[in-house]
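Spelled out, the chains give:
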Amino acid sequence: MSDKSCPSCGMTIESVRKHGLIGCEFCLREFRSEIVMQFRRSGHGFNYSGKMPLSIKNNELTMLGKELESAVNNDDFERAAILRDSINKIQADAAK
């Protein structure tokens, strides 16, 4: 048994193994090798379909906002519409 734990939330690797859930985004960094090994053993793919951590979501919204502004300034309204829709989807998903 390992007593390895997340420095941010205190979740242990044993709890991650038992429940299949992580406590925070830092757990991914701390337990990366164990999580990858577990996925390989289970035969599942590596596509993540859970909630996006808030820090990543905010970074993505900031980046998309800058791209949207650039697209509008360059009269690239098709690209701007696609970016707007992406921003709206992320914001709607966050509200759930």
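The structure displayed is predicted, hence computed values, not measured ones.

Criteria and cut-off values
Residues numbered from 1 in each chain as written. Predicted model: local features only at pLDDT ≥ 70, side-chain atom pairs only at ≥ 80, totals over all residues. Heavy atoms only, no water. Helix = DSSP H or I, 4+ residues; strand = E, 2+ residues; numbered from the N terminus. Buried < 20%, exposed > 50% of the residue type's maximum accessible area, 1.4 Å probe, protein only. Core = buried A, V, L, I, M, F, W, Y, C linked by side-chain atoms within 4.5 Å. Contact = heavy atoms within 4.5 Å. Salt bridge = Lys/Arg side-chain N within 4 Å of Asp/Glu carboxyl O.

J.: What am I meant to see in unusual backbone geometry here?
T.: In most cases, non-glycine residues show a negative phi, while peptide bonds are predominantly trans. Even without a glycine there, the phi angle at Asp-75 is positive, about 55°. Mapped onto the elements, Asp-75 comes out in the loop between helix H4 (54-73) and helix H5 (77-95). For Asp-75, a relative accessible area of 55% translates into the label exposed.

J.: Mind showing me how you'd approach the nonpolar core here?
T.: Core analysis: the biggest nonpolar cluster contains 7 residues, these being Cys-6, Ile-13, Val-16, Cys-24, Cys-27, Phe-31 and Ile-35. Those residues in contact with Ile-35 that sit more than four places away from it in its chain are Val-16, Ile-22, Cys-27 and Leu-28. Counting 6 residues, the second largest nonpolar core, distinct from the first, contains Leu-64, Leu-83, Ile-87 and Ile-90.

J.: Sorry, what's going on with the pattern of salt bridges here?
T.: Side chains that differ in charge, positive against negative, can pair when their charged atoms come close. Enumeration according to the criterion identifies 4 salt bridges in this entry. Note that Glu-14 and Arg-17 form a salt bridge whose closest N and O atoms lie 2.8 Å from each other. Here Glu-14 and its partner Arg-17 are both found in helix H1 (residues 13-19), 3 residues apart, which amounts to about one turn of the helix. Glu-14 sits in the partly exposed class, given a relative accessible area of 23%. Taking the relative accessible area as the measure of exposure, Arg-17 reaches 44% and is therefore partly exposed.

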